[in-house]
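Structure assessment
Residue-level listing of the chains:
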Amino acid sequence: MKIDLHSHSTYSDGHLSPKELIDRAHNMQVDVLALTDHDTVQGLKELQQYQSSQKRALKLISGVEISTAWHGFDIHILGLNFDPDNVAFLQRLQEQQQRREERAQKINSKLVKAGIEGIYTMAKSLAGQGQITRAHFARALVKKGVSRDIDDAFKKYLGKGKRAHVKAEWIAFPEAIDWIHQAGGRAALAHPGHYDMTAKWLRRLVAEFSEAGGDAMEVNHSHLSGQKKQLLNELACEHKLLASAGSDFHFPNRWTELGRVAAIAENLTPIWHDWKNIEEHRAL
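Residues numbered from 1 in each chain as written. Predicted model: local features only at pLDDT ≥ 70, side-chain atom pairs only at ≥ 80, totals over all residues. Heavy atoms only, no water.

1. A short note on empty space enclosed by the protein
Following the criterion strictly, the structure yields one cavity of 30 Å³ or more and no others. Considered as a void within the structure, the largest cavity measures approximately 50 Å³ in volume. Of all the secondary structure elements, the ones that give two or more residues to the lining of the largest cavity are helix H3 (87–113) and helix H5 (134–144). Here the element with the most residues in the lining of the largest cavity is H3; it accounts for four residues. (1 Å grid on protein atoms, 1.4 Å probe; cavity = no way out; pocket = protein on both sides within 12 Å on 5 of 7 lines; lining within 4 Å. Points joined across faces, edges and corners; volume = space filled by probe spheres on them. Helix = DSSP H or I, 4+ residues; strand = E, 2+ residues; numbered from the N terminus.)

Here it is, written out as structure tokens:
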């Protein structure tokens, strides 16, 4: 089975609508998919409704990627296979969305002070009905001709310590883990190999995540060296964490693709090992 538990749509910083994401999942022969937009589950119903009209089977897993703060790092926690109608969980995500909007307003104020106007409006337009992110600001800066490309926008304006950077006031990850558990889901540490930290800090992050009740960590994601994959495997084993894997798909490109996820090592237990909804799909 081809399983991808990390993807994004236009409800956050992805470029494809839920409908387009389903179509691509079918084209890439994905069997199990989780839509994990940033701090929102708005796209899940649209995803499910469109898939229900399709002939090809595709099992959908409820998902979200929650933004948290840890020792100055922005750490993302995936919530998987939870109740997407849990009222308390939805209210908490609404609070996250308000934090995101407040950050966007502050970013805009700094850009205006830097002599760059109109970016917030463009970013909101690019975000559409979804959550506004720094990626939308970056795309707006490129569209306006201020930045050469997305990387340039972050290096000059949006990255840590740059002219328009605003520190996010996110919750701590133990709180996110608790939210997910109360909604009946499992919490997975997202793309641990991508955080700009030393191996020592990564070990500390995984240890504290496990101690806080985290269930799993992504051991396979894009742009990982063999050495980093081995380290993630060792950390998952050491802290008895389940293994998750996802492409972190945002849009079609040569580096990441929906469903392009390496197999989980045999010495690790997949996060989905006891999910009946996947086992039932496997039996079809």
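We are not done yet, so read on.
2. Thoughts on the sheet that holds strand S2 (residues 32–34)
Spatially, S1-S2-S3 is the arrangement adopted by the three strands of the open sheet, whose pairing is parallel. The open sheet has two edge strands, strand S1 (3–4) and strand S3 (59–61), and neither has a second partner. Sheet topology note: the S2/S3 ladder contains three bridges and is parallel. The partner of Ala34 across the bridge, within S3, is Ile61. (Pairing = 2+ DSSP bridges.)

3. A short note on the sheet that holds strand S4 (residues 63–70)
In space, the six strands of this open sheet follow the order S6-S4-S5-S7-S8-S9, with mixed pairing throughout. At either end of the open sheet lies a strand with only one pairing partner, and these are strand S6 (171–172) and strand S9 (242–245). Two strands pair when backbone bridges link them, and S4 and strand S5 (residues 73–80) are joined in this way by eight bridges, in the antiparallel orientation. Bridge assignment links Thr68 to a residue of S5, and that residue is Ile75.

4. Section: unusual backbone geometry
If a residue is not glycine, its phi is most likely negative; likewise, a peptide bond is most likely trans. Backbone geometry places Asp39, a non-glycine residue, at a positive phi of 60°. Taking the relative accessible area as the measure of exposure, Asp39 reaches 0% and is therefore buried. For Lys240, which is not glycine, the phi dihedral falls at a positive 55°. Classification of Lys240 as exposed rests on a relative accessible area of 75%. (Buried < 20%, exposed > 50% of the residue type's maximum accessible area, 1.4 Å probe, protein only.)

5. A few points about the layout of surface pockets
There is about 1900 Å³ of room inside the largest pocket. Lining the largest pocket are 41 residues, with Asp13, His76, Arg134, Phe154 and His191 sitting closest to its centre. In terms of residue count, the dominant contributor to the lining of the largest pocket is helix H6 (residues 150–158) (four residues). Within the lining of the largest pocket, the residues separate by chemical class into 11 nonpolar, 16 polar and 14 charged. Approximately 290 Å³ is the volume attributed to the second largest pocket. Lining the second largest pocket are 13 residues, and of these Leu44, Lys45, Gln48, Ser62 and Pro84 lie nearest its centre. Taken together, the elements giving at least two residues each to the lining of the second largest pocket come down to helix H2 (44–51) and S3. In terms of residue count, H2 provides more of the lining of the second largest pocket than any other element does, four residues in total. Residues belonging to the lining of the second largest pocket are distributed by class as follows: seven nonpolar, four polar and two charged. (Nonpolar A, V, L, I, M, F, W, Y, C, P; charged D, E, K, R; others polar.)

6. Considering the packing of helix H8 (residues 199–211) against helix H9 (residues 226–238)
Two elements in contact, H8 and H9, have axes separated by 10 Å at closest approach and are oriented at 30°. In terms of orientation, H8 lies roughly parallel with respect to H9. Every pair of crossing elements has a handedness; the one defined by H8 and H9 is right-handed. Note on element contacts: H9 touches H8 through Lys228, Leu231, Leu232, Glu234, Leu235 and Glu238, opposite Ala199, Leu202, Arg203 and Val206. (Axes fitted to C-alpha atoms, helices over the stretch in contact; angles between N-to-C directions. Parallel < 35°, antiparallel > 145°, perpendicular 65-115°, else oblique. Left-handed = near helix turned anticlockwise from the far one by under 90°. Contact = heavy atoms within 4.5 Å.)

7. Side note on the pairing of S9
Residues Leu242 and Ser244 point to one face of S9 and Ala243 and Ala245 to the other, with burial holding for every one of them. Bridge analysis of strand S8 (residues 216–220) against S9 gives four bridges, and the strand direction is parallel. Across the sheet, the residue bridging to Asn220 is Ala245, located in S9. Running through H9, the crossover from S8 to the neighbouring parallel element S9 is right-handed. (Right-handed = clockwise from strand over helix to strand, strands pointing away.)

8. What to know about helix H4 (residues 119–127)
Each α-helix winds once per 3.6 residues, and so residues spaced three or four apart point in a common direction. Those residues of H4 that sit buried are Ile119, Tyr120, Ala123 and Ala127. Viewed along the axis of H4, the buried residues span an arc of 95°, placing them on a single side of the element. More than 90 degrees from the buried face of H4, the exposed residues found are Thr121 and Ser125. Of the residues flanking the end of H4, it is Gly128, one or two places downstream, whose phi is positive at about 60°. (Arc of directions from axis to C-beta.)

9. Topic: the pattern of salt bridges
Pairing between side chains of opposite charge can happen when the charged atoms of each approach one another. Under the defined criterion, the tally for this structure stands at 10 salt bridges. In this structure, Arg56 and Asp31 form a salt bridge, with 3.9 Å as the shortest nitrogen-oxygen distance. In this pair, Arg56 is assigned in the loop between H2 and S3 and Asp31 in the loop between helix H1 (18–27) and S2, connecting sequence segments 25 residues apart. By relative accessible area, which is 19% here, Asp31 ends up buried. (Salt bridge = Lys/Arg side-chain N within 4 Å of Asp/Glu carboxyl O.)

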